[in-house]
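# Results of the structural survey
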Amino acid sequence: QVQLVESGGGLVQAGGSLRLSCAASGIIFRFNTNHWYRQAPGKERELVASLPVGGFINYADSVKGRFTMSRDNAKNTVYLQMNNLKPEDTAVYFCAVPGPQYDYWGQGTQVTVSS
């Protein structure tokens with residue numbers, strides 16, 4: 001069935017970069033809206049970026065100019081390139097895709113940005 005697996009998180013210093021990946025099985029990313037979310041311990045879940053079927057990518061104001069979402073259709077994988085990382089970017093990052101009845105979520109990958 002549907003499975004989303006995030007990877008690429010880790011510990012990085014402020015100003016550094018990471019690229020997150022979300023590999024999917026059981027669903028074709030290209031034919032669905034793709035989302036990246038994040039959640040820090042003391043904050044609500046936040047929508048970071050969305051790639052609709054039409055291809056227009058939306059970003060949260062907090063990451064505009066620093067994060068770039070993309071997709072490799074051949075690999076059925078979505079990516080989140082994160083540059084100029086800040087401590088406030090520290091969170092667990094999740095990818096998600098709408099399903100016919102409910103959304104599918106991965107397990108998340110931890111991103112920690114040191115001061």
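Computed from a prediction, not measured in an experiment: that's the story for all the values here.

## Observations concerning the nonpolar core
- Of all hydrophobic cores here, the largest spans 28 residues; its most connected members are Leu4, Trp36, Val48, Phe67, Leu80, Met82 and Tyr93.
- If near-sequence neighbours (up to four positions away) are discounted, valine 48 is found in contact with Trp36, Tyr37, Arg38, Asn58, Tyr59, Ala60, Val63, Phe67, Leu80 and Tyr93.

## Section: the pattern of salt bridges
- For the structure on display, the rule yields four salt bridges.
- We note a salt bridge from aspartate 89 to arginine 38, for which the minimum N-O separation is 2.9 Å. Of this pair, aspartate 89 sits in the loop between strand E8 (77-82) and strand E9 (91-98) while arginine 38 is found in strand E4 (residues 34-39), placing the two residues 51 residues apart along the sequence.
- Between aspartate 89 and arginine 66 there is a salt bridge, and its shortest N-O distance comes to 2.7 Å. With a gap of 23 residues between them, aspartate 89 in the loop between E8 and E9 and arginine 66 in the loop between strand E6 (58-59) and strand E7 (67-72) connect regions that are remote in the sequence.

## What to know about the state of the cysteines
- This structure, assessed with the given rule, holds one disulfide.
- The side chain of cysteine 22 participates in a disulfide bridge whose partner is cysteine 95; the two sulfur atoms lie 1.8 Å from each other. As the torsion about the S-S bond is roughly 45 degrees, the cysteine 22-cysteine 95 disulfide counts as right-handed. Pair noted here: cysteine 22 is in strand E3 (residues 18-25) and cysteine 95 is in strand E9, with a separation of 73 residues, a long-range link. Side by side, cysteine 22 and cysteine 95 carry an identical accessibility label, which is buried.

Rules and cut-offs
Residues numbered from 1 in each chain as written. Predicted model: local features only at pLDDT ≥ 70, side-chain atom pairs only at ≥ 80, totals over all residues. Heavy atoms only, no water. Core = buried A, V, L, I, M, F, W, Y, C linked by side-chain atoms within 4.5 Å. Buried < 20%, exposed > 50% of the residue type's maximum accessible area, 1.4 Å probe, protein only. Contact = heavy atoms within 4.5 Å. Salt bridge = Lys/Arg side-chain N within 4 Å of Asp/Glu carboxyl O. Helix = DSSP H or I, 4+ residues; strand = E, 2+ residues; numbered from the N terminus. Disulfide = S-S within 2.5 Å.

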